[in-house]
Every structure is written in structure tokens, then in C-alpha cells.
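# Analysis of the macromolecular model
In case you want the letters, here they are:
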Amino acid sequence: MLYGKWRPRGFDEVVGQDHIVTTLRNALATGQVAHAYLFSGPRGTGKTTTARILARALNCVNLKDGEPCNACPSCEAIARGNALDLVEMDAASNRGIEDIRELRDRIAFAPSDLARKVYLLDEVHMLTTGAFNALLKTLEEPPPHAFFILATTELHLVPATVMSRCQRYDFHRVPNEAIIDRLGYIAGQEGFKVPHEGMLAIAVQSRGGLRDAITLLEQVVARYGEEPSTDDVLAALGLVHDERSELLAAALVDEDLAAALEIARAVADDGLDIERFTRDTINVLREVLPHIVRGTPAADLAGHRYLGMLERLRERRGNVRAIAAAIAELAKADFRLDPASPVPLEVACASAILGPLEAPVAAVAAGGGGAAERQAVRVPRNQAATAPAAESRANMTPEQAFLRDLYQHCRDTDIKIAGMLNGSCEVVEMNGDVLELGFYYPFHMDTVANKGRALVEEQAGKILGHPVTLRVRQLERSQSSSRQGPKGGHLAEAAKAMGATPVKKEN
Ligand SMILES: [Zn+2]
């Protein structure tokens, strides 16, 4: 395993946690060591690695400036993993009071092969209350030869009493640049050649966890060999470019709004990262634009990634304007308020083709949940039945506001189920404990009714304040567009109501 092989052997090799290793090294160099340490932080950021180096440093007979020598018998025994006095315990599987009592009984005995006994308790937040209390007693009066290093990814679950007995160190997510440096070093040593863009993709994907980054590097190399391309890395990471970004780019260039909206909706319904998909679409357009402007000869385009699209566009140089408008509008789409919503992308498509829309429409469309809609849910049901078609978000019908709320509640747990509540269905009935949703597509209906049922019933219950039973039914498409109104749901619905023809999803 690459990670084990390149695990840091000294504090100076620990990546991205300088604030911690500097303090520890100084304390060790001056003999100011504590009996209990608490290492907290996200997974894979170096807690266990640092704990093992600390265990070595606490026992090393040739400590230099706080760094273990990695050559003396103590250091070697720990490095081989057979030092009896370094006890590593996973609190996730030894979480009971008996486990801690047993540990406490053994602590009383003098160390056998090292100078000091070091107890490393990983995932310490998993201990039961009884076990924590037993541990606390030991931490209050540790034998002089005993040292504790507690590690946790969930600091808030560690009792304050335990925390107060420990010197606490908070491990940070490792910055991408530091991850890339380390991956580059390991790749160099191993003889791998990975493009910088590929390293960056790995670093981003590992979200600050160096261990995950190294594991990903290993998987990429195992699958694509020692010199993977950026595309290989993206494929291994599951970040393959969705071909629908080319279809959307083509629809924008052809100024086919209905097709563009249909693609935006399908992508959202599939739970894709819409911001990323939008960036992909911008990249497609940016790659074809210069060739259209210059009129690059066909012979020079052989093997181009978007050859098909370029061939379609070559004879229509008038579309340069459409390409430029599409890039400009897509770049403006702001997903920060509501990353799962397709609305900013839909608005950008509409603006690209119809010309910039009024600002309030964009603001309303991109708005992520607020007081207005929560209030709207509480409008009495008899008023709801006669509410006029919504003209703005504040005037949404209570049913629409409720669906929007439900979508937002479900989103964190299951973005795919949530996506199916977002513009793909409407409330048929909300009466007593019955919630009946009507769906436009049988696939969405079946998925929500089965896989999504527990989640939808739970979250709907939370919103409405009483238990809810979900019922579903299939709606006719014609029924939906007349019921929905122009601004109630997806722009795709609106486009269809205006006579647009939907296109089929290609993959
Ligand atoms: Zn040593």
C-alpha cells in the first residue's frame, strides 16, 4: 500500500500540520511533555501518523530537536509494529466500560520493552459514557510512565471533562497545494508521471485528506498504468465529462431553448453537479469558438475532441454571436445559494437565447428558501385552493412553497430523491395526514414512492408538524402544463406551454 509505504517517519515529513508538529517538537526538545493529548480533525489528515511519531519521540534514546532518530531499538520496535508498550486501540470496536477497565488495569504495570507506555485511542468519541468515565479517572491520575493520545474525527462528541484533561491539537484539512507537492514527491519516487491537472483533480476530490489522496493516486495508477493522462485520472475519479454538456452547447448555438431547458432539467434530475456541468458546457463552447471565428479548415480539425459539433457549426459562422452570448450568460450563473437547483442554469440558457432577462427574475429564481415561503406553507388550506397562479416566489401557492421546502429538507440526505421533487411533480392533495404527489414521469414516481418514501414522509412530517402518509399518482403531461402556470415550476414547462417540443435525452 502506497500510503503505508510513504507514511511520514518524522515530524518534518508531516504534511500541512506545521502548527502542530512545531509545538510538539519544541515541547519534546525541552522535556515539557503532557500525559494526555487529544488530536482532532477530519479523516486522513495525519492524526494517527503524528501520534505514532510522538510515541516514538517519547521513547527515543537519541531524540534530536524533538525528532525521533528512527534508528534506536525503541524507534525500530515501534516502526516494526511490535513494541508491547505502544498500545493502539480502536474505540469504535472497543467502546465499552470493560475495555477501558482492562486498559486501566494494565497501565499500572511498568513498561516492558520501552521507557514509556503509550496508549493510542483512535475514534475515541465512540466510547460509551461509562467508558469515558472510567477513562477520565485514569487521565486524572496517570502513572508517571503512561501517556495517552486520543484521536477523534468528532470532537463535539468528546465530553468536556475528558477534553479538559488533554492537551488539544486540531488537525486541519491539508491545502491542495501541499497535497499536490506530496503526491508529486511520491510519484517521483515511484516513477509515476501524472499531469499537474490530474494531481489537482485528486487533491480536490480528497477534500484535504492526504491519505485519501494517496489512495486515489494508487487506484489511478493501478487502473491506467504509471503514466495516466488527465482524462484517465478524471475517469478513475468518476469525474467523467457528461456528454450532455456538448448537447447543451449545441442547443445554445442553435438557439433551441426548449432543448436547452430539457437538458438542464434532465441533468438536475439525475443528481449531477450542475455547477460542474455548467463549467463543462462553457469549456465546450470555449474550445469550439476560436475555430468557428477563424474558420479552421476541416483538415486541421482531425481528432478534435468536439469534431462532430465543429462540423455542424462550420458552415454557420453567424453563430459566433450565439456562442459568445452563451459563454457570457453561463459564466454568470450563480449556484451558491442553492447548488442543487437547475434554475440558475435554466435562466442562463434563456438569457443566452432570448437576451438578458430582468434582474428580479434571476433573483427570484436563484433564491434559496426564505421566510416568505415558510410563511406561505402556513396559509390555511381553504385559501390555498383559490390562490391565483404565482407571479413571484412570495406569491407561490402554499403547495408549491411546500414542495420547495420539502426539496430543500431532503436535499442533504439524498440529492437524487430531492431532485425528483424539484419540478418533476406537484401536490395533488395535502389533507390531514395524507400527502398525495402527482408525477410527470413513472420513473420518478416509483423511485420516490419506494426508495424515497421514508425520507419524504419524515421530512414532510417535520415541515407540517404531524405524521404524513405519502401517496403518489401519475399525471398527464398536458394536465401538468395547464396546472403549473408559467412561473410555478421549471422553465422547461413554460417553454412547452409556449409550444416548444421536448428533445430526448441522448444517454
Ligand atoms: Zn530513536
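Look up: the structure comes first, before these words.
In what follows, the accompanying structure is described. These numbers come from a predicted model, not from an experiment.

What counts and what doesn't
- Residues numbered from 1 in each chain as written.
- Predicted model: local features only at pLDDT ≥ 70, side-chain atom pairs only at ≥ 80, totals over all residues.
- Helix = DSSP H or I, 4+ residues; strand = E, 2+ residues; numbered from the N terminus.
- Buried ≥ 20, exposed ≤ 12 C-beta atoms within 10 Å, placed from the backbone.
- Right-handed = clockwise from strand over helix to strand, strands pointing away.
- Pairing = 2+ DSSP bridges.
- Core = buried A, V, L, I, M, F, W, Y, C linked by C-beta atoms within 7 Å.
- Domains from an automatic or database assignment.
- Contact = placed C-beta atoms within 7 Å.
- Expected span 1.5 Å × (residues − 1).
- Arc of directions from axis to C-beta.

### Some thoughts on the environment of Tyr185
Here Tyr185 lies in helix H8 (residues 176-190). Considering only alpha carbons, one finds Tyr185 and Trp6, 179 residues apart in sequence, at a separation of 9.9 Å.

### Concerning the pairing of strand S3 (residues 117-122)
Within S3, six of the six residues are buried, leaving the element largely enclosed by the surrounding structure. Of the two faces of S3, the one holding Lys117, Tyr119 and Leu121 and the one holding Val118, Leu120 and Asp122 are both buried throughout. The β-α-β motif built from strand S2 (residues 86-90), the intervening helix H5 (residues 97-107) and the parallel element S3 has right-handed crossover chirality. By the bridge criterion, five bridges tie S3 to strand S4 (residues 146-152) in an arrangement that is parallel. When the sheet's bridge partners are listed, Lys117 is paired in S4 with Ala146. The parallel pair S3 and S4 is bridged by helix H6 (residues 129-140), and the resulting crossover is right-handed.

### Some points on the nonpolar core
With 61 residues, the main nonpolar core has Tyr37, Ile149, Leu150, Ile202 and Ala213 as its most contacted residues. Considering every element that reaches this core, the biggest residue donor is helix H10 (residues 210-224), with seven residues. Summarising the domain contributions, this core has at least three residues from each of domain 1 (2-170) and domain 2 (176-236). Not counting chain neighbours up to four residues away, the residues in contact with Leu150 comprise Tyr37, Leu38, Leu121, Val124 and Cys166. Grouped together as the second largest cluster of nonpolar side chains are 41 residues, Ile274, Phe277, Leu313 and Val343 included.

### Examining H6
With 12 residues, H6 extends 16 Å from end C-alpha to end C-alpha; this agrees with the ideal 16 Å at 1.5 Å per step. Among the residues of H6, Ala131, Phe132, Ala134, Leu135 and Thr138 are the ones counted as buried. All buried residues of H6 project into a common sector of 165° when viewed along the axis, lining one side. Residues of H6 that are exposed and point over 90 degrees away from its buried face: Thr129, Lys137 and Glu140. Along its buried surface, H6 packs onto H5 and helix H7 (160-163).

### Brief notes about helix H13 (residues 257-269)
Between its terminal C-alpha atoms H13 stretches 18 Å, which fits the 18 Å expected from 13 residues at 1.5 Å a residue. Along H13, 13 of the 13 residues are buried, which leaves the element largely enclosed by surrounding structure. Following H13 by one or two positions, Gly271 has its phi on the positive side, about 75°.

### Comments concerning unusual backbone geometry
With a phi close to 50°, Asp65 is a non-glycine residue in the positive phi region. Turning to its location among the elements, Asp65 is positioned in the loop between helix H3 (47-59) and helix H4 (73-80). When the 10 C-beta atoms within 10 Å are taken as the criterion, Asp65 is described as exposed. Phi angles above zero are rare outside glycine, and Glu123 is one such case at about 50°. Mapped onto the elements of the fold, Glu123 is located in the loop between S3 and H6. Residue Glu123 is classed as buried on the basis of its 21 C-beta neighbours within 10 Å.

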